[in-house]
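If you want the building blocks of each chain, they are given just below.
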Amino acid sequence: MKAILAENLSKTYPKGKKAVEGLHLSIEPGEVFGFLGPNGAGKTTTVKLLNGILSPTTGSCRIFDIDPFQHPESAHQISGVVTEHAQMYDHLTGLQNLVFYGTVFGVNTKESELRANQLLETFGLADSANQRLATYSTGMRQRLSLARAMLHRPKILFLDEPTSGLDPESTQHVNSMIQRLAKNEGITVFLCTHQLRYAQEICSSYGLIDDGTVFATGQLGTLRSLVSSGLTVRIEADHFPSDIPHKKTGERTVEINVQDESEIPSIVRHIVEQDGSVYHVSARSLSLEEIYFSLLESHKSKKENL
Amino acid sequence: MNKMQVAIMKKDLRGLVFNKRLFPALLIVPLIFALVLPTILILTVHFAPEDISEMQQLLDLLPLGEQSQDIQMRVIGLMFNYIIPVFFIIIPIMSATIMAASSFVGEKEKRTLETLLYCPLSLHQIFQAKIFASFLLSMFVTFLSFILMMLAAETELLLIAGSPLLLNINWLVTLLLLSPSVSLMAIILIVRGSAKAQSAEEAQQRTIFLILPVLLLVVGQFTGILLVSAWLLLGIGIVFTLIAGLLMKSGRNKFNYETLLK
Ligand SMILES: Nc1ncnc2c1ncn2[C@@H]1O[C@H](COP(=O)(O)OP(=O)(O)OP(=O)(O)O)[C@@H](O)[C@H]1O
Ligand SMILES: [Mg+2]
């Protein structure tokens, strides 16, 4: 059974805006799936479709074999959702909010209180537990939302920009928490984010979306193989031949993209043959960020050529 | 009602108590209709014997059973059994309105509605919880108002006239059947309006347009019905209860998440 299965899922908003088009997704249980794309790409719309909050224009989806549009109650019971617009009550304290949502998710009051206090502790909110939400900062609200989504021990978490508004320390903390949940408790995570560096640290697979269309999915290795160059070679030399395409990054340093390591010796030989002295050579795989931009660019140019 | 729905109701009622704008409004309604107006009626009758004696003829025309009491007490009894019950249709409608109008739009404006929609309850169950919370509140206010009114009126009458006030069967039908059914109908319609509204102002306007005609109708027609017979009152009460039940059922597929969040 897949954690998330979407087939030809599309959503056109009433005024004609095609927010998501022909989406196919297949995500295994326990995966941390990074859903990446620029503003307005359709990430939040997808999260709402997968939770049955929006009705699909075409296609269908299943969350652990439950159709969220036909049976939202069952789908919601196993999902925890954090989105920007899902806020809590200002006149209640952090603890009261959590206990309320615990009860609404069918956790009994005693267990809710226990879980709430644990999670407040985990998210560094124990000191503010009895303050009204109105007094919380943006980052504190965000962390309370994360705690709220985890109260009922969901099998799957939908996190839409969970670390927006968080300081680097809290971001780091939330990310390691997500990783731990997936690893130790087998929770599936559907993570929409713009923070590509963090995404690379915690996600096990990815989907890249732009303008409503997913144009690449898979693990980092799969995405890397889609890019024409898989390696970036950094060379420091006092002379660099102009017939090799390169990017100058410093007075004596350049970066070249190559497919694999076997191309490096011939480049170095070429420099030396032209009387250049080589001081440094290092190679590293493309980061998620570089792959993302490279794939996004080629997707955009392909679309324009159509 | 399951535990989750009860939690939503508790949260809503609690939110109302904390609301500095709505809670005072809630207190004013029973204060005016259960304490101030009845007291004014009693005092007017007591201190204006001249006009009252002219009512003798009118009183004789009405089918009011035993005529042994003195005229002041008869006029007061007439008012309490045939006019003031009207207030107890107005009180539940008005107090329910205060909470029901903001039931959905309030959550929409505070951006808590989406969070609520992610919970494992069907929309119908969420509507039920919202409607029932307003209903409980309106019944609580109504019965509290009745108790307050009776305490005040009996005390005043014992002090002024030295004899207690006797209520007739109209009150039983009004409090147990008419008030609940009329307020339930109003609440269902107002909660639906609140779900459609984009802002609190819009919801309030909708509500006023809905409630004003009802209130005018009630005030205009009800006294007449009270005078005709308690049986007619009972019949109307039963019909209203049935309509309220039908309304409750009919909304099942009227809303979905998408229209609610728009
Ligand atoms: N309720 C709506 N009605 C009409 N159009 C909408 C609605 N919500 C979103 N859109 C449009 O659909 C497209 C996708 O929006 P969506 O919110 O899914 O993007 P996103 O990927 O979450 O963007 P961001 O990174 O900025 O959060 C956008 O062009 C947006 O303008
Ligand atoms: Mg978004």
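Quick caveat, the model's predicted, so the values are computed rather than measured. (Residues numbered from 1 in each chain as written. Chains lettered and ligands numbered in written order. Predicted model: local features only at pLDDT ≥ 70, side-chain atom pairs only at ≥ 80, totals over all residues. Heavy atoms only, no water.)

A. Spotlight on the sheet that holds strand β4 (residues 58-63) of chain A. Residues and elements named next belong to chain A. With antiparallel pairing, three strands are arranged side by side in an open sheet as β2-β1-β4. The strands lining the two open edges of the sheet, one partner per strand, are β2 (18-27) and β4. Averaged over all pairs of adjacent strands, the angle between strand axes in this sheet comes to 20 degrees, irrespective of strand direction. Where strand β1 (residues 4-12) and β2 come together, six bridges link them in antiparallel fashion. By the bridge assignment for β2, Thr 12 is matched with Lys 18. (Pairing = 2+ DSSP bridges. Helix = DSSP H or I, 4+ residues; strand = E, 2+ residues; numbered from the N terminus. Axes fitted to C-alpha atoms, helices over the stretch in contact; angles between N-to-C directions.)

B. Seen up close, the site of ligand 1. All names here are of chain A. As a matter of local geometry, ligand 1 sits amid 13 residues, with Asn 39, Gly 40, Lys 43, Thr 44 and Thr 45 nearest to it. Contact distances for ligand 1 include 3.3 Å between a nitrogen atom and a side-chain N or O atom of Tyr 13. Counting residues per element, the shell around ligand 1 draws most heavily on helix α1 (residues 43-50), which supplies three residues. Looking at the shell around ligand 1 residue by residue, the class counts come to four nonpolar, six polar and three charged. (Near = heavy atom within 4 Å. Polar contact = N/O pair within 3.5 Å; in protein donor to acceptor, adjacent residues only side chain to side chain. Nonpolar A, V, L, I, M, F, W, Y, C, P; charged D, E, K, R; others polar.)

C. A look at the packing of helix α6 (residues 84-100) of chain B against helix α10 (residues 169-196) of chain B. Residue and element names in this part refer to chain B. Relative to each other, α6 and α10 sit at 30 degrees, their axes nearing to 8 Å. The angle between the axes of α6 and α10 places the two elements in the roughly parallel class. α6 and α10 meet at a crossing whose hand is right-handed. For the pair formed by α6 and α10, the contact residues are Ile 84, Pro 85, Phe 88, Ile 89, Pro 92, Ile 93, Ala 96, Thr 97 and Ala 100 on the first element and Trp 171, Thr 174, Leu 175, Leu 178, Ser 179, Val 182, Ser 183, Ala 186, Ile 187, Ile 190, Val 191 and Ser 194 on the second. (Parallel < 35°, antiparallel > 145°, perpendicular 65-115°, else oblique. Left-handed = near helix turned anticlockwise from the far one by under 90°. Contact = heavy atoms within 4.5 Å.)

D. Region of the structure containing the environment of A:Ser79. All names here are of chain A. The topology assignment puts Ser 79 in strand β5 (residues 79-82). Taking relative accessible area as the criterion, Ser 79 reaches 2% and is therefore assigned buried. Sequence separation between Ser 79 and Thr 188 is 109 residues, and the spatial gap between their C-alpha atoms is 9.6 Å. Within the local environment of Ser 79, its side chain forms a polar contact with the backbone oxygen of Ala 75, the two atoms lying 2.5 Å apart. (Buried < 20%, exposed > 50% of the residue type's maximum accessible area, 1.4 Å probe, protein only.)

E. Looking closely at the domain arrangement of chain A. Examined at the domain level, chain A breaks down into domain 1 (4-224) and domain 2 (229-285). Between the C-alpha centres of domain 1 of chain A and domain 2 of chain A there is a distance of 43 Å. (Domains from an automatic or database assignment.)

F. Region of interest: unusual backbone geometry. The backbone phi angle of A:Asp275 is positive, close to 70 degrees, even though this residue is not glycine. Residue placement: A:Asp275 occurs in the loop between α9 (264-273) and β13 (278-285). Classification of A:Asp275 as exposed rests on a relative accessible area of 70%. Phi at B:Arg111 is positive, roughly 60 degrees, even though this residue is not glycine. Looking at the secondary structure, you find B:Arg111 in the loop between α7 (105-109) and α8 (113-117).

G. Quick peek at the interface of chain A and chain B. Taken residue by residue, the interface counts 29 residues in chain A and 24 residues in chain B. Summing both partners gives a buried area of about 2500 Å² for chain A against chain B, and 66% of it is carried by carbon and sulfur. Contact with chain B buries area across many residues of chain A, yet A:Ile53, A:Tyr89 and A:Val104 alone supply 24% of it, more than any other trio. Between the two partners, chain A and chain B, sit one salt bridge. Across the pair B:Glu258 and A:Lys11 runs a salt bridge whose closest N-O atoms are separated by 2.8 Å. Joining chain A to chain B, the criterion identifies 11 residue pairs in polar contact (both at pLDDT 80 or more). Residue assignment for the side of chain A that touches chain B shows that the elements contributing at least two residues are α2 (72-78) and α3 (94-104) of chain A. Here the side of chain A that touches chain B gets five residues from one element, more than from any other, and that element is α3(A). (Buried area = accessible area lost by both parts, 1.4 Å probe. Salt bridge = Lys/Arg side-chain N within 4 Å of Asp/Glu carboxyl O.)

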